[in-house]
Amino acid sequence: MISQEEVPQSTNHSLSFSSLPHEIAVSCLARVSGSYYPKLCLVSKQFRSIILSNELYKARTQLGTKENRLYVWLKLPTRSYPSWFTLWIRPKQTLTNDGPIKKKSTGNLLVSLPSSYNYQVVVPSVIVGSETYIIGGYNVPSSSVWVYKNGKIHTLCKAPRMSVARINAVIVGQYPKIYVMGGCDSDESMNWGEVFNIKTQTWEPLPDPGPDVRGHLVRKMKMYQKNLYVSSEKKDYIYDTQERRWDVTEVLLNCSWCVIEKVRYIYYNKNCWWLDTKSKEWRTIKGLDFLNKFREIDRVEIVNFGGKLVMVWDRFTLSKRNKKIWCAMIALEKSHGGEEIWGKIEWIDDVLMVPLSYTFLDCMVISI
């Protein structure tokens, strides 16, 4: 089996492996960390074929080797379209001890997904119930919709196409509706946004949000209490799904939020808070003051990484000519009968250098 201590660097190591029977090759790859799949796609056509197959995903599910992966969406000035990066976490690294926390290089990196890598559960996709919907294209525009049904028997089938082809569209789903926006020409006023009804298996266009929304790149979209919150490069907007009306908002997307073990967390005003449902009060997570020395802005993204809290942000380099994206992994623990939540920083490091003119769009965690 391929060692998880170093990323494959050349095709020479694949010669003997590629001669294995297909079933054994699938079984071997299913036991390799998904962190290596983007690199392995470049090794050979056989590797790429297996890695992109539905068969491998079934094998990982059956073997219990699925793992959480962090994906970060960035708009770089040197690329025409936004790009996805995945966090490569160095295996068997030593975490922080109970003594004073010190920043030290972990070897963890944000790695760009190569054009040959388009794993079926990456993006653009959304999970609704037991089904994963893969909508539009990642590298080229597409109007196709695929549905991956999880269960005792895993199946991949087609669903009705969208009205327009999209690339890297922004998607959010809450049964029985899936909302899709952007990823097409900004002049596409009639179908810039669409909604898919899972029950009726039909697409319907959303009202035109206007050129101010269509003319700027959409960073993210979330659904909360039947409303869609859409964050663009310039402003944040709210779409009332019942009244079918667009408005400018300053409410929800100014802060990042996630849910971990039924507890809601937000990052706001340079602090990470959690909602105490008994008292209906927001309380700060204790033990995270150390992170303040690494942050220069209020914008921080937080996500649920398998029960742990991951924070992602950027800051200037010492020369002020570039920026670095930083990441921290935090374990959470309740104390005093659930009246307090403490965070233990397992690691913190800069994971990617980017130009000043880049745009941070979104990040998410997917289990593959």
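The structure presented is a predicted model; accordingly, all values stated were derived computationally and were not measured.

**Student:** How should the overall build of the chain be read in this particular structure?
**Tutor:** Counting secondary structure elements, the chain contains six helices and 24 strands. Classification of the 368 residues of the chain by burial places 50% in the buried group. A separation threshold of at least 6 residues defines the contact pool for the chain, and within that pool the share at least 24 residues apart is 54%. A total accessible area of about 18,500 Å² is found for the chain, and carbon and sulfur atoms account for 50% of it.

**Student:** For this particular structure, what's the right way to read the packing of aromatic side chains?
**Tutor:** Summed over all chains, the structure comprises six aromatic pairs. Here tyrosine 36 and tryptophan 88 contribute two aromatic rings whose centre-to-centre distance is 6.2 Å and whose plane-to-plane angle is 70 degrees, an arrangement assigned as edge-to-face. In this pair, tyrosine 36 sits in the loop between helix H2 (22–30) and helix H3 (37–40) while tryptophan 88 sits in strand E2 (residues 83–88), placing the two residues 52 residues apart along the sequence. By the burial criterion, tyrosine 36 is buried, and tryptophan 88 matches it. Members of the aromatic cluster, connected to one another through ring pairs, are Tyr133, Phe196 and Trp203. It is arginine 264 that lies over the ring of tryptophan 257; its NZ or CZ is 4.6 Å from the centre.

**Student:** Would you mind going over the pattern of salt bridges with me for this structure?
**Tutor:** Throughout the structure, instances matching the rule amount to 11 salt bridges. Across the pair arginine 60 and glutamate 67 runs a salt bridge whose closest N-O atoms are separated by 3.5 Å. Overall, arginine 60 belongs to the buried group, its relative accessible area being 0%. Its salt-bridge partner being aspartate 350, residue lysine 324 comes within 3.6 Å of it at the nearest N-O pair. With lysine 324 in strand E22 (residues 322–335) and aspartate 350 in strand E23 (residues 340–355), this pair connects stretches of sequence that are 26 residues apart. For lysine 324, a relative accessible area of 26% corresponds to the partly exposed category.

**Student:** Help me understand the confidence of the model for the chain in this model?
**Tutor:** Per-chain confidence: the chain averages 82 in pLDDT, with 84% of residues scoring 70 or above. The spread of mean pLDDT over the elements of the chain runs between helix H1 (residues 15–18), the lowest at 49, and strand E11 (residues 202–205), the highest at 98. Here residues 1–16 is modelled with pLDDT under 50, and outside its nearest four sequence neighbours on either side it reaches 24 contacts, counting other chains as well. Low pLDDT, under 50, characterises residues 94–101; the stretch is placed with nine contacts to residues that sit more than four places away or in other chains.

**Student:** Please explain the sheet that holds strand E19 (residues 281–284) as it appears in this structure.
**Tutor:** Consider a sheet: its strands pair through backbone hydrogen bonds, and that pairing is either parallel or antiparallel. Taken in spatial order, the four strands of this open sheet run E16-E17-E18-E19, and their pairing is antiparallel. The open sheet has two edge strands with one neighbour each: strand E16 (256–260) and E19. Across the sheet, the mean angle separating the axes of adjacent strands is 30 degrees when strand polarity is ignored. Summarising the sheet, strand E17 (residues 263–268) and strand E18 (residues 271–276) pair through four bridges and their orientation is antiparallel. From the neighbouring strand, tyrosine 267 faces E18, where its bridge partner is cysteine 272.

**Student:** Any chance you could explain the environment of tyrosine 239 here in plain terms?
**Tutor:** Inspection of the secondary structure assignment puts tyrosine 239 in strand E14 (residues 236–240). Counting along the chain gives 16 residues from tyrosine 239 to methionine 223, while the straight-line C-alpha distance between them is 9.5 Å. Sequence-distant contacts of tyrosine 239, that is, excluding residues within four places in its chain, are made with Tyr179, Leu206, Pro207, Lys226, Asn227, Leu228, Arg244, Arg245 and Trp246.

**Student:** What should I look at first to understand the packing of H2 against helix H5 (residues 54–63) in this one?
**Tutor:** Helices that pack against each other are described as a pair by the angle of their axes relative to one another and the distance between those axes. The interhelical angle for the contact between H2 and H5, taken along N-to-C directions, is 60 degrees, at an axis separation of 9 Å. Between H2 and H5, the interaxial angle falls into the category oblique. Note that H2 runs across H5; the crossing there is right-handed. Note on element contacts: H5 touches H2 through Glu55, Leu56, Ala59, Arg60 and Leu63, opposite His22, Val26, Ser27, Leu29 and Ala30.

**Student:** Would you explain the state of the cysteines in this entry?
**Tutor:** Two cysteines form a disulfide when their sulfur atoms are joined by a covalent bond. According to the stated counting rule, one finds zero disulfides in the structure shown. Between cysteine 363, a cysteine without a disulfide, and cysteine 327, which holds the nearest cysteine sulfur, the sulfur-to-sulfur distance is 8.4 Å.

**Student:** I tried to follow the sheet that holds strand E10 (residues 193–197) on my own but got confused; where do I start?
**Tutor:** A sheet is described by the order of its strands in space; here four strands give the open sequence E8-E9-E10-E11, paired in antiparallel fashion. Two strands lie at the open edges of the sheet, namely strand E8 (170–174) and E11, each paired on one side alone. With direction set aside, neighbouring strand axes in the sheet form an average angle of 20 degrees. Looking at chain direction, E8 and strand E9 (residues 177–181) are connected through five bridges and run antiparallel. Note on E9: the bridge partner recorded for glutamine 174 is lysine 177.

Procedures and definitions
Residues numbered from 1 in each chain as written. Predicted model: local features only at pLDDT ≥ 70, side-chain atom pairs only at ≥ 80, totals over all residues. Heavy atoms only, no water. Helix = DSSP H or I, 4+ residues; strand = E, 2+ residues; numbered from the N terminus. Buried < 20%, exposed > 50% of the residue type's maximum accessible area, 1.4 Å probe, protein only. Contact = heavy atoms within 4.5 Å. Areas by Shrake-Rupley, 256 points an atom, 1.4 Å probe, with all protein chains shown as cover. Phe/Tyr/Trp six-rings, centres within 6.5 Å; stacked < 30°, edge-to-face > 60°. Lys NZ or Arg CZ within 6 Å of the ring centre and 35° of its normal. Salt bridge = Lys/Arg side-chain N within 4 Å of Asp/Glu carboxyl O. pLDDT = per-residue confidence, 0-100. Pairing = 2+ DSSP bridges. Axes fitted to C-alpha atoms, helices over the stretch in contact; angles between N-to-C directions. Parallel < 35°, antiparallel > 145°, perpendicular 65-115°, else oblique. Left-handed = near helix turned anticlockwise from the far one by under 90°. Disulfide = S-S within 2.5 Å.

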